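The lines below spell out each chain.
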Amino acid sequence: MIRGKFITLEGGEGVGKTTNLTFLTHYLGQHNISVVVTREPGGTALAEKIRHLLLDKDSEVISEHAELLLIFAARAQHIKLVIEPALARGDWVLCDRFTDATYAYQGGGRNMRVSTIEWLENLVQGNLRPDLTVLLDAPVEIGIDRARARGVLDRFESEKINFFENVRRAYLLQAELHPERIKLIKANQPLADVQRALVDVIGIFLR
Ligand code: TMP
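It should be emphasised that the depicted structure is a prediction, and the values quoted were computed from it without experimental measurement. (Residues numbered from 1 in each chain as written. Predicted model: local features only at pLDDT ≥ 70, side-chain atom pairs only at ≥ 80, totals over all residues. Heavy atoms only, no water.)

A. Fine view of the site of the ligand. Around the ligand there are 15 residues in total, and Glu13, Arg97, Thr102, Tyr105 and Gln106 lie nearest to it. Here an oxygen atom of the ligand sits 2.9 Å away from a polar atom, N or O, in the side chain of Arg97. A distance of 2.8 Å separates a nitrogen atom of the ligand from a polar side-chain atom of Gln106. When isolated, the ligand has an accessible area of 480 Å², and the protein chains bury 93% of it. Those elements giving two or more residues to the shell around the ligand turn out to be helix 2 (45-55), helix 3 (64-88) and helix 4 (99-109). When residues in the shell around the ligand are grouped by element, the largest group, four residues, is from helix 4. A class-by-class count of the residues in the shell around the ligand yields seven nonpolar, two polar and six charged. (Near = heavy atom within 4 Å. Polar contact = N/O pair within 3.5 Å; in protein donor to acceptor, adjacent residues only side chain to side chain. Areas by Shrake-Rupley, 256 points an atom, 1.4 Å probe, with all protein chains shown as cover. Helix = DSSP H or I, 4+ residues; strand = E, 2+ residues; numbered from the N terminus. Nonpolar A, V, L, I, M, F, W, Y, C, P; charged D, E, K, R; others polar.)

Here is the structure:
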């Protein structure tokens, strides 16, 4: 059995991840690829409970280490129960956010040490890394306005603009550090152009 491909979709708030995830799912389906669509934090019953804890704006103050460990606890569960089994049976996994989000939000946004994140990444993931990561990038204000228009803000969305500038910077740094894996697509262009770029990027795996 040929192992499936592991594709992740990343970006700040309101860059259009959901719309493009749906588009990609359909596109791969048209190519007769069996796709498991999932998200982080989340993707299993326990990991979704952890997600709820992380996004709850009314919780007590969550320490940075608690936040980081909760994210990796959810990830450990998600990898073991969903991602690895899917890849092993030859399905492709399309995941809305993965560890690049931790480098961006906890590393960039919360200013946590990159070496700590790397240590947990190695512990929890072993050799597992995405085969391809699509990073949707747009100026912070555009994304924040879109997120606000959606309604009530969660614990992360309620952060200040400076936090999101740092998140964006850290995402762009990840793309610079891993140019062969992370493909950057400008999200502040017409949707048709974003989707053309997505098809180009994904085409490498379909040949
Ligand atoms: P989402 O609502 O875009 O799916 O993501 C939920 C929030 O979780 C989002 O604000 C980013 C945050 N997050 C982190 O802070 N670190 C992570 O590693 C992941 C996967 C998400």
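That was the structure; now back to the text.
B. Up close: the packing of helix 3 against helix 4. Where helix 3 contacts helix 4, the two axes come as close as 11 Å, and the packing angle between them is 175°. What the angle tells us is that helix 3 and helix 4 run roughly antiparallel. Every residue of helix 4 that contacts helix 3 at Glu67, Leu68, Ile71, Phe72 and Arg75 is listed here: Thr99, Thr102 and Gln106. Looking at side-chain class alone, the contact of helix 3 with helix 4 contains three nonpolar, three polar and two charged residues. (Axes fitted to C-alpha atoms, helices over the stretch in contact; angles between N-to-C directions. Parallel < 35°, antiparallel > 145°, perpendicular 65-115°, else oblique. Contact = heavy atoms within 4.5 Å.)

C. Representation of the pairing of strand 4 (residues 132-137) in the model. Of all six residues making up strand 4, six are buried, and the element is well covered by its neighbours. Across the two faces of strand 4 the burial is the same, with Leu132, Val134 and Leu136 and Thr133, Leu135 and Asp137 all buried. Summarising the sheet, strand 1 (residues 6-11) and strand 4 pair through five bridges and their orientation is parallel. When the bridges of strand 4 are listed, Glu10 appears paired with Leu135. (Buried < 20%, exposed > 50% of the residue type's maximum accessible area, 1.4 Å probe, protein only. Pairing = 2+ DSSP bridges.)

D. The packing of aromatic side chains, seen in detail. In this structure the tally under the stated criterion is seven aromatic pairs. The interplanar angle of 20° and the centroid separation of 6.3 Å between the aromatic rings of Phe23 and Tyr27 together place this pair among those described as stacked. With Phe23 and Tyr27 both in helix 1 (residues 17-30) and four residues apart, this pair spans about one turn of that helix. Classification of Tyr27 by relative accessible area gives buried; the value is 18%. Ring geometry for Tyr105 against Phe156: centres 5.9 Å apart, planes inclined by 80°, an arrangement best described as edge-to-face. Here Phe156 lies in the loop between helix 6 (140-149) and helix 7 (161-177) and Tyr105 lies in helix 4, a separation of 51 residues in the sequence. We classify Tyr105 as buried; its relative accessible area is 6%. The class of Phe156 is buried, set by a relative accessible area of 9%. Feature note: the residues Tyr105, Phe156, Phe163, Phe164 and Tyr171 constitute an aromatic cluster, connected by ring pairs. Here the basic side chain of Arg75 rests over the ring of Phe72, its NZ or CZ set 4.8 Å away from the ring centre. (Phe/Tyr/Trp six-rings, centres within 6.5 Å; stacked < 30°, edge-to-face > 60°. Lys NZ or Arg CZ within 6 Å of the ring centre and 35° of its normal.)

E. Highlighting the packing of helix 4 against helix 5 (residues 114-125). Two elements in contact, helix 4 and helix 5, have axes whose closest approach is 10 Å; the angle formed by their N-to-C orientations is 155°. When the interaxial angle is binned, helix 4 and helix 5 end up roughly antiparallel. In this structure, helix 4 meets helix 5 at a crossing whose hand is right-handed. Residues Thr99, Thr102, Tyr103, Gln106 and Gly107 of helix 4 form the contact with helix 5, whose own contacting residues are Val114, Ile117, Glu118, Glu121 and Gln125. (Left-handed = near helix turned anticlockwise from the far one by under 90°.)

F. Quick peek at unusual backbone geometry. In this structure, Pro41 follows Glu40 across a cis peptide bond, with omega equal to -10°. If you trace the backbone, Pro41 turns up in the loop between strand 2 (35-39) and helix 2. One non-glycine residue, Asn32, lies in positive phi territory at about 60°. Structurally, the position occupied by Asn32 is in the loop between helix 1 and strand 2. Under the relative-accessibility criterion, Asn32 is labelled exposed at 72%.

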